[in-house]
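Listed below are the residues making up each chain.
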Amino acid sequence: MSASQWRKAMNSGAGRTAWPRTAASTAPRMPAHGSARPAAAAGRATDRARWLRWLAARVRVRHVVVLAAALIYPLVATPFFTFQVGAQALTLGLIALSLTFLAGYGGMVSLAQMTVAGIAGYMYAIFATSGTDISLKWPWWFAVLLALVIATVCGTLIGWFSVRTEGIYTIMITLAIGVAFFYLVQQNYSLFNGFQGFQSVKSPVVFGRDVRDPVPFYYLALFWALAGYFGVQYLLRTPFGVALQGIRDNPRRMAALGFHVTAHRVAAYAVAGLIAAVGGVLFVWYNGLVSPGSVGTSWLINILVIAVLGGMRHPIGPFIGAVIFVLLQNFAVDLVDRERFNLLIGGVFLIIVLFSPDGILGWWAGGVARLRARSAQGRLGRRVGVERTVSPTQP
Amino acid sequence: MTRRRWIWVAVLGAPLAAFTVWGLADNAKLFLTTALNGLTLAALYFLVASGFTLVFGLMRNVNLAHGSLYLLGAYVGYVVGDKTGSWLLAVAAGFASAALSGLILQVAVFRFMQGQDLRQTLVTIALSIMLADVLLWIFGGEIYTFDPPRVIYGRTPLPIVQVYPTYRLVLLAMSAAIGVLLWLFLNRTRVGMMIRAGVDDRGMLAAAGVNVQRVFAITFAIGAGLAGFAGVVGGTALSIAPGEDTRYQLASLVVVIVGGMGSVVGAAIGAVLIGVAEQFGLAYAPTYSVVFTFVIMALVLAFRPQGVLGRRG
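Residues numbered from 1 in each chain as written. Chains lettered and ligands numbered in written order. Predicted model: local features only at pLDDT ≥ 70, side-chain atom pairs only at ≥ 80, totals over all residues.

Draft legend 1. Here's a closer look at the overall build of chain A. Counting its secondary structure elements, chain A contains 17 helices and two strands. Out of the 395 residues in chain A, the part that is buried amounts to 41%. Within chain A, contacts between residues at least 6 apart in sequence are counted, and of these 75% link residues at least 24 apart. (Helix = DSSP H or I, 4+ residues; strand = E, 2+ residues; numbered from the N terminus. Buried ≥ 20, exposed ≤ 12 C-beta atoms within 10 Å, placed from the backbone. Contact = placed C-beta atoms within 7 Å.)

Draft legend 2. Examining the overall build of chain B more closely. Helix and strand counts for chain B stand at eleven helices and two strands. Its helices and strands in sequence order give chain B the pattern α-α-α-α-β-β-α-α-α-α-α-α-α, from N to C terminus. Computed over its C-alpha atoms, the radius of gyration of chain B comes to 20 Å, within 12% of the 20 Å expected for a compact globule of 313 residues. C-alpha atoms of chain B, sized along the principal axes, occupy 60 × 55 × 35 Å. For chain B, the proportion of its 313 residues judged to be buried stands at 49%. (Rg over C-alpha atoms; globule rule 2.2 N^0.38 Å.)

Draft legend 3. Broad picture of the confidence of the model for chain A. Residues and elements named next belong to chain A. For chain A, the mean per-residue pLDDT works out to 80, and 84% of the residues sit at or above 70. Mean pLDDT per element in chain A: helix α2 (residues 23-26) is the minimum at 40, and helix α13 (residues 261-287) is the maximum at 94. Every residue in residues 6-36 scores below 50 in pLDDT, and together they form 20 contacts with partners more than four places removed in sequence or on other chains. (pLDDT = per-residue confidence, 0-100.)

Draft legend 4. Summary view of the interface of chain A and chain B. Contacts between the two partners involve 33 residues from chain A, matched on the other side by 32 residues from chain B. Of all the elements in the fold, those that place two or more residues in the side of chain A that touches chain B are α9 (168-187), α14 (297-310) and α16 (341-355) of chain A. If one sorts the elements of the side of chain A that touches chain B by residue count, α9(A) sits on top with eleven residues. Per-class residue counts for the side of chain A that touches chain B are 23 nonpolar, eight polar and two charged. (Nonpolar A, V, L, I, M, F, W, Y, C, P; charged D, E, K, R; others polar.)

Draft legend 5. Summary view of α9(A). A rise of 1.5 Å per residue sets the reference length of α9(A), with its 20 residues, at 28 Å; its end C-alpha atoms lie 29 Å apart and thus fit the reference within 8%. With 16 of 20 residues buried, α9(A) lies mostly within the body of the structure. (Expected span 1.5 Å × (residues − 1).)

Draft legend 6. Representation of the pairing of strand β2 (residues 162-165) of chain B within the structure. All names here are of chain B. For strand β1 (residues 155-158) and β2, the ladder comprises four bridges, and the chain directions are antiparallel. Each bridged residue has a counterpart across the sheet, and for P157 the counterpart in β2 is V163. Connecting the antiparallel pair β1 and β2 is a turn made up of three residues, with I160 showing a positive phi of about 65°. (Pairing = 2+ DSSP bridges.)

Draft legend 7. Quick peek at the nonpolar core. In this structure, A:Y124, A:A176, B:Y45 and B:V48 are the most contacted members of the largest nonpolar core, which totals 200 residues. Here this core takes 16 residues from helix α1 (residues 2-59) of chain B, the largest share from any one element. If we skip the residues at most four places from it in the chain, B:Y45 touches B:A251, B:S252, B:V255, B:A271, B:I274 and B:G275. (Core = buried A, V, L, I, M, F, W, Y, C linked by C-beta atoms within 7 Å.)

Draft legend 8. Structural view of the environment of B:V290. Note that B:V290 resides in helix α11 (residues 289-303). In the structure, B:V290 is positioned 13 residues away from B:A277 in sequence and 9.1 Å away in space, judged by C-alpha atoms.

Draft legend 9. Geometry of the confidence of the model for chain B. Residues and elements named next belong to chain B. Residues of chain B with pLDDT of at least 70 account for 99%, and the chain-wide mean is 86. No element of chain B has a lower mean pLDDT than β1, at 78, and none a higher one than helix α3 (residues 87-108), at 92. Of the two predicted TM-score estimates for the complex, the pTM is 0.80 and the ipTM is 0.80.

Draft legend 10. Representation of the packing of helix α6 (residues 79-106) of chain A against helix α10 (residues 214-237) of chain A within the structure. All names here are of chain A. Running from N to C, α6 and α10 cross one another at 20°; their axes reach a closest spacing of 9 Å. Taken together, the axis directions place α6 and α10 in an arrangement best described as roughly parallel. For the element pair α6 and α10, the recorded crossing hand is left-handed. Here P79, T82, F83, G86, A87, L90, T91, G93, L94, L97, F101 and Y105 of α6 lie close against α10, whose contacting residues are P214, V215, F217, Y218, A221, L222, W224, A225, G228, Y229, V232 and L236. Looking at the contact of α6 with α10 residue by residue, the class counts come to 19 nonpolar, five polar and no charged. (Axes fitted to C-alpha atoms, helices over the stretch in contact; angles between N-to-C directions. Parallel < 35°, antiparallel > 145°, perpendicular 65-115°, else oblique. Left-handed = near helix turned anticlockwise from the far one by under 90°.)

Draft legend 11. The arrangement of the environment of B:G243 in detail. Along the chain, B:G243 turns up in the loop between α8 (212-237) and α9 (244-259). Placed 84 residues apart in sequence, B:G243 and B:P159 show a C-alpha to C-alpha distance of 36 Å.

Draft legend 12. Fine view of the packing of helix α8 (residues 140-162) of chain A against α9(A). All names here are of chain A. Look at α8 against α9: their axes get within 10 Å of each other, and the N-to-C directions meet at 140°. Taken together, the axes of α8 and α9 are oblique relative to one another. For the element pair α8 and α9, the recorded crossing hand is right-handed. From α8, I158, F161 and S162 reach across to α9, where they touch T170, I173, T174 and I177. The residue inventory of the contact of α8 with α9, partitioned by class, reads four nonpolar, three polar and no charged.

Draft legend 13. Looking closely at unusual backbone geometry. Residue and element names in this part refer to chain A. Even without glycine at this site, K137 takes up a positive phi of about 60°. Mapping K137 onto the fold places it in the loop between α7 (113-127) and α8. One non-glycine residue, N193, lies in positive phi territory at about 60°. Assignment of secondary structure puts N193 in the loop between α9 and β1 (205-206). For N193, a count of 23 C-beta atoms within 10 Å corresponds to the buried category.

Draft legend 14. Quick look at the environment of A:G106. Structurally, the position occupied by A:G106 is in helix α6. Residue contacts for A:G106: discarding those within four places in its chain leaves A:F101, A:L244, A:R248, A:R265 and A:A268.

Quick look at the structure:
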């Protein structure tokens, strides 16, 4: 797609598909085009009405419940639950969200998302203040900015590399890149401080409060998690997001339609890189340190586990997966030995992959569909009697 | 075409030739020792990666538990060697245990998810996490080493290098022998023919009346067995410890990406490139040795995404 075509698509398509103007709400306006301009005041009133109607149509009870629960959570939970469970789950969920976006909507399973997050963490530690002399002690906001930019660029480069391959090869290449970065930071002492990494990384102090205190950090993580969630939701309905999903389903057909497949894929990596970078900065604040261990193979795979556990069908999946992961991580001690956490998480992962490839969301969707089918069948049976329709897709 | 090729040879070969001349002139002993180290490492990488590439080529299954099979074979070999005192039995046990695990994996798990590449890969990831943890549970974090027979465990005098561990030379020879055997097996036997046919077109092979499932099982067993074999052989040259699984997993990934998926000869080329580059990196630029591996991979990906001997499709 050329630049001008792209702009045209953005201008014409974005307004229609991305913004919540449904066909029902635009239809009544159509005759107004022919006649003289209607009064602006009336337009504003209908605007508000349309907004409300849109909200009523899209927002369900479960959305309100989840949002309210997430907002009140730190008020009722202990600091441990707020910080170790809540905030960590939100941070990890944000990093895993970048993978869900890539894998679920772009069809590219990248194991290097934790690497991108790790690059952001390392960059923050290098530019801001930590217990090591390498750190440049620049102001935190500048360090954050640099970290985000550098990590996003690295994520894009990783994407640019790995889109040369497809499907299963992408996993191998991104894994190789991720592990190579792990070995690099482990061996390099001049820049990454080798095996030690950066200990006691200072988190910013805003309005006299350390961001790392449980409640502020929880709300910060919640804010970025919501931003990531709604950002991805929005992006999926833009022409870019729709084209990306088209490319996931059939790259050849999309190429034949004139879409630049590679450019879309690399752009998806850039977006995912930014999401992972934000998560990475949050994660380094959460941990207070960044070391080769935080970008090791186990973490690369943990992010995949989180995304797959939750399910890649919907951006909420990684957050569900992250909550389960963090709960298992913290309470593996009670279930099994502390040391055997990997066995437990591996087992849960295996069960999910074997029995529900779409993760917890797959179970949820399957359960809902079954319930609906049963109730519909019951109604049908009562009304029509014995006769039952057989859909052509049924074997 | 030929002219372009010459340009490439010049671009890549000239710096390498210059480096070789400088290395030989500067410190011939270091240079040759490094080269030998690189080759023995390459031999080890080849043993691990050939099984990986064989399984991938036939079943399109990225077996990310391949490194775990390496470690499993190594530990089982250690236990058997410890009990019987025979190194050869340890090698056999390493091969057999890994081959059996591979067989079980294929028959009990992967057979039921044919064609679902991603799901198979996720299953192997899950298995590798669990296997690594179980092995850590049983064997702890200690480092184990083998006692090979005295005949192959001395030093061999060589020109310029002076002395070199005999075992590493034996490893080099063993790896070459395995490579030749594998080539003969694939190119001169009936089963090998079936495997090659399966790499090209699984559906057609099944339609020709071959029991594809059996071919898959045999291939998986051989591939896994090679990993277990490499576990004992490599564990003797270096040592066995937790974390080695990831290392060899990464090595076989990179080797196969460079050499081309599904090609045993490609795996050999990739192994030599990566092994030699890694050792030279360690000897001449210690903190950046990983970067060399990565640069090779990046170059191959940029100019020949399917790998040196890979085929598109």
